[in-house]
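Observations on the model geometry
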Amino acid sequence: METYKIPQNFLWGGDISAAQIDGAWDEDGKSPIELDYYMGANKNSGRYAYIEDERGNSKKVLQWSGQIPSGTHYVLKEGELYPNHFGSDFYHHYKDDIKLLHEMGFKALNLTMSWARIMPKGKEYGPNKKGVEYYRSLLLELKKYHIEPIVTLYKYDMPAFYVTQMGGWSNRQLIDEYEEFCHICMTEFKDLVKYWITFNEINVFFLVNKNNPNTTPQDTQRVFEETHDQLVASSRVVQMGHEINPDFKIGCMVAGALSYPLTPKPEDARAAQKNIQDNFYYFSDVIVRGKYPYFAKRIWHENHVDLNISDEDKRNLQKGTADFLAFSYYMSNCAEADASDIAKNAGNLINGISNPYLKTSEWGWQIDPQGLQYFLEELASRYNNFPLLIVENGLGAEDTLTSDGKIHDDYRIDYLRQHIAYLEKAINDGVNLFGYTMWSCIDLVSMGTGELRKRYGLIYVDIDDQGNGTFKRYKKDSFYCYKKVIATNGKDLS
Ligand code: BG6
């Protein structure tokens, strides 16, 4: 009997994010975002920013280490390097870059719309005309090449003043601000964009808090509240979007979090199951099913969290279920009931126990292509074959630009090929996956380390960690490989 095939209209493409690729951090009315204050780091250290109190005393804070103290604000220090200020200068290169994506045959581009560029001073001051014009021009460029935009509305790029003056997501008023920003995007671009993603990695606060050894019970309470507010915000935007244009397809994105039991011990199997429940299903169930899962009570209890969910919130979550579930997938890890003495591995937001059967990337992330099929099939069976979209899957590695302008990145080709082979197996089994956008089609600043040497792109950008370079683009070997994959609708993985 024939198996299912990759649909002809499958969305093959890649991802970029404004905060990491645009540069032009203070041009044309954009206001600074938090990342604009974080300096570069490396694989052994996190990113730091300077904050200052009212008396002018300054100190360094670590990225993801929780809220900055009230009464302080971020400051830039002369002589320090801020990689997100220049990124890959996509803001001034987007036309040529999109042309290159077209040359690869891209069917889709997952991009983020920068909140700080579109509504830099908040709802009260309305949209920034230049920001809106920029995105219109970018979207028209995509349209010219028949590249379907998938627009992520929130990815680490809200104006920093929301954090320093309002307390960020811990202030429920931010939902209204976010909704207004989304309203501007969805009305301005209602004829140019069909696919929207309300939040990137909506489980990120939770994961970061869980991995932070200095977390306090107050932090945990706040993080659960903030995450709840984001889920409500997402559901409100889904409803609003459907009113603006009933043809919109609106999803939400969760960071993939696959855990295997380290041994066949039943306790370890339960530890792995619990990991996925806590890290992923707690979020995806709300997005897909419109309510928290039965085990949410256990999670709140274990975390000593008291979440007050109003009837109105419950109604919104129920009415604003997404049209598709998007997720990122970089790696997997293992779980063990008693993990105290076991080596942990680093990873994309998730620290777990190392899997002896998997290799790791140069940055210590475990590479698990088959896990992608496993995860897809788990999601398909849990959600009755609900539409799924893979956004973000890729390999961060150091590349060498040869003297004749080539980049022989066979390691990235291997990574992509293997993951694509397994996603095809999942589709053959009948999983309703409608697209794959790999991270990141163009080199950009690493989120976790602020490095440029940690490259994910199919297109190399000549810029280094110190900001030296020409920003010239070069096609890597993986560029040609992915071009073949797309041209043959996934058949040619040679
Ligand atoms: C994802 C983020 O979690 O991981 C991206 O959404 C990020 O923004 C990607 O770039 C890879 O992480 P890093 O730290 O290597 O840039």
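Below: a short report on this structure. Fair warning: this is a prediction, and the values are worked out from it, not measured in the lab. (Residues numbered from 1 in each chain as written. Predicted model: local features only at pLDDT ≥ 70, side-chain atom pairs only at ≥ 80, totals over all residues. Heavy atoms only, no water.)

**As for the packing of helix 13 (residues 410-428) against helix 14 (residues 477-487)**
Helix 14 packs onto helix 13 with a crossing angle of 20 degrees between their chain directions and a minimal axis gap of 9 Å. Overall, the two elements helix 13 and helix 14 adopt an arrangement that is roughly parallel. Helix 14 is crossed by helix 13, and the crossing has right-handed handedness. Seen from helix 13, the contacting residues are R412, I413, R417 and I420; seen from helix 14, they are D477, S478, C481, Y482 and V485. Here the contact of helix 13 with helix 14 is composed, by residue class, of five nonpolar, one polar and three charged. (Axes fitted to C-alpha atoms, helices over the stretch in contact; angles between N-to-C directions. Helix = DSSP H or I, 4+ residues; strand = E, 2+ residues; numbered from the N terminus. Parallel < 35°, antiparallel > 145°, perpendicular 65-115°, else oblique. Left-handed = near helix turned anticlockwise from the far one by under 90°. Contact = heavy atoms within 4.5 Å. Nonpolar A, V, L, I, M, F, W, Y, C, P; charged D, E, K, R; others polar.)

**Quick notes on the side chain of R47**
Mapped onto the secondary structure, R47 falls in the loop between helix 1 (18-21) and strand 2 (48-52). The buried charged residue R47 lacks any salt bridge, with D36 as its nearest oppositely charged partner at 7.8 Å. A distance of 2.6 Å separates the side chain of R47 from the side chain of N84, its partner in a polar contact. (Buried < 20%, exposed > 50% of the residue type's maximum accessible area, 1.4 Å probe, protein only. Lys, Arg positive; Asp, Glu negative; His and termini not counted. Salt bridge = Lys/Arg side-chain N within 4 Å of Asp/Glu carboxyl O. Polar contact = N/O pair within 3.5 Å; in protein donor to acceptor, adjacent residues only side chain to side chain.)

**A look at the pattern of salt bridges**
One pass over the structure, following the stated rule, counts 27 salt bridges. Of the charged contacts, one joins D443 and R455 as a salt bridge, the two residues approaching to 2.5 Å between their closest N and O atoms. Residue D443 is located in the loop between strand 15 (433-439) and strand 16 (459-463), and its partner R455 is located in the loop between strand 15 and strand 16; the two are separated by 12 residues in the primary sequence. A relative accessible area of 5% places R455 in the buried class. Of the charged contacts in the structure, one is a salt bridge between D465 and R453, with a shortest N-O distance of 2.8 Å. Of this pair, D465 sits in the loop between strand 16 and strand 17 (469-475) while R453 sits in the loop between strand 15 and strand 16, and the two are 12 residues apart along the sequence. Classification of D465 by relative accessible area gives buried; the value is 14%. Linked through salt bridges whose partners overlap, the residues forming this network are D399, D409, R412, D443, R455 and K476.

Spatial relationships are all this shows, so hold off on functional conclusions.
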